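Residues per chain are reported as follows:
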Amino acid sequence: MPTKRTNWLPGIFNDFFGNEWVERPSVASPSVNIIENEKEYKVEIAAPGLTKKDFRIDVHDDNRLIVSVEKKSETRDEDKGNKYLRREFTFSSFRQSMILPDNVDKDQIRAKVEDGVLHIEIPKILKEEKAQAVKQIEIQ
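Each chain carries its own residue numbering, running from 1 in the direction its sequence is written. In keeping with the model being predicted, local features are shown solely for residues with a pLDDT of at least 70 and side-chain atom pairs are shown and tallied solely at 80 or more, while totals for entire chains, interfaces and linings include all residues. With hydrogens and water excluded, all non-hydrogen atoms of the structure serve as input to the side-chain values.

Some details on the overall build of the protein
Numbered from the N terminus, helices here are DSSP runs of H or I no shorter than four residues, and strands are runs of E no shorter than two. If you tally the helices and strands in the protein, you get one helix and seven strands. Listing every helix and strand of the protein by position from the N terminus yields α-β-β-β-β-β-β-β. Partly exposed describes any residue whose relative accessible area lies between the buried limit of under 20% and the exposed limit of over 50%, with all areas from a 1.4 Å probe on protein chains only and scaled to the type maximum. Among the 140 residues that make up the protein, the fraction classed as buried is 19%.

See the structure below:
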């Protein structure tokens, strides 16, 4: 005997709206760029719609830089006299772990969110080039 498939929306709404009327968020990791120059490394993470409150950046003793994102939002379309046909709560998270090179100054790492991009600046420890001078040893 065939079974009737029931949805939480009445059948008339399914026929009228279909599934196309509800936009689904895509699940993807943001794009990451890593740039190196003589003085520093720069990490850029695409972050449209996110603020600095949504990010957490940790540097561990084992030279791991961990960038975490957690965004919670609730969309409400309230209108007096109407019932919800659909109400969406969204939660998105992202975690990226990167191994830092040994030549970085972990105490001077800086980050900012600007124009939809998280910028992390990781300065290098600059070793002064030693002059090839001759050092005379005093004989006692």
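After presenting the structure, the write-up continues.
A word on the pattern of salt bridges
We define a salt bridge as a contact between a side-chain nitrogen of Lys or Arg and a carboxyl oxygen of Asp or Glu at a distance within 4 Å. A complete count under the given rule lists six salt bridges for this structure. Close ionic contact of D58 with R56 constitutes a salt bridge, the shortest N to O distance being 2.8 Å. In this structure R56 comes out as exposed when scored by relative accessible area, which is 53%.

Some words on the sheet that holds strand β2 (residues 40-46)
Across the sheet, four strands lie side by side as β1-β2-β7-β6; this open sheet has antiparallel pairing. Edge positions in the open sheet fall to β1 (32-36) and β6 (110-114), since each of these has one partner strand only. Neighbour-to-neighbour, the strand axes of the sheet open up by a mean angle of 15°, direction not taken into account. Between any two strands, at least two bridges found by DSSP are needed for them to pair. With seven bridges joining them, β2 and strand β7 (residues 117-123) adopt antiparallel strand pairing. Its bridge partner lying in β7, V43 is registered against I120. Angular values range over 0 to 180 degrees, each being the angle between N-to-C directions of two axes fitted as lines to C-alpha atoms, with helices fitted over their stretch in contact.

Some words on the side chain of E40
Looking at where E40 falls in the secondary structure, it is placed in strand β2. Residue E40 is classed as buried on the basis of its relative accessible area of 13%.

Some words on the nonpolar core
Ranked by size, the top nonpolar core spans 16 residues in total, and within it I45, F55, V67, I120 and I122 carry the most contacts. What makes two residues a contact is simply this: any of their non-hydrogen atoms within 4.5 Å. For I120, the residues in contact, after removing those within four places along its chain, are Y41, K42, V43, I57, L65, V67, I109, R110 and A111. Only buried residues count toward a nonpolar core. Its members are Ala, Val, Leu, Ile, Met, Phe, Trp, Tyr and Cys residues joined through side-chain atoms within 4.5 Å.

Topic: the packing of aromatic side chains
Only centres within 6.5 Å qualify two rings of Phe, Tyr or Trp (six-membered ring in Trp) as a pair; their planes then separate them into stacked at under 30 degrees, edge-to-face at over 60, and tilted for everything else. A full pass over the atoms with the stated rule returns zero aromatic pairs. Between K124 and the ring centre of Y41, over which it is positioned, the NZ or CZ distance is 4.9 Å. Charge-over-ring contacts are defined here by two conditions on Lys NZ or Arg CZ: a distance within 6 Å of the ring centre and an angle within 35 degrees of the ring normal.

Concerning the side chain of N63
Positionally, N63 belongs in the loop between β3 (55-59) and β4 (64-75). Here N63 is in contact with M98, I99, L100, P101, D102 and K106, once residues within four sequence places are set aside.

Looking at the pairing of β7
Inspection of the sheet shows β6 paired to β7 by five bridges, in the antiparallel sense. Along β7, the bridge assignment pairs V113 with L118.

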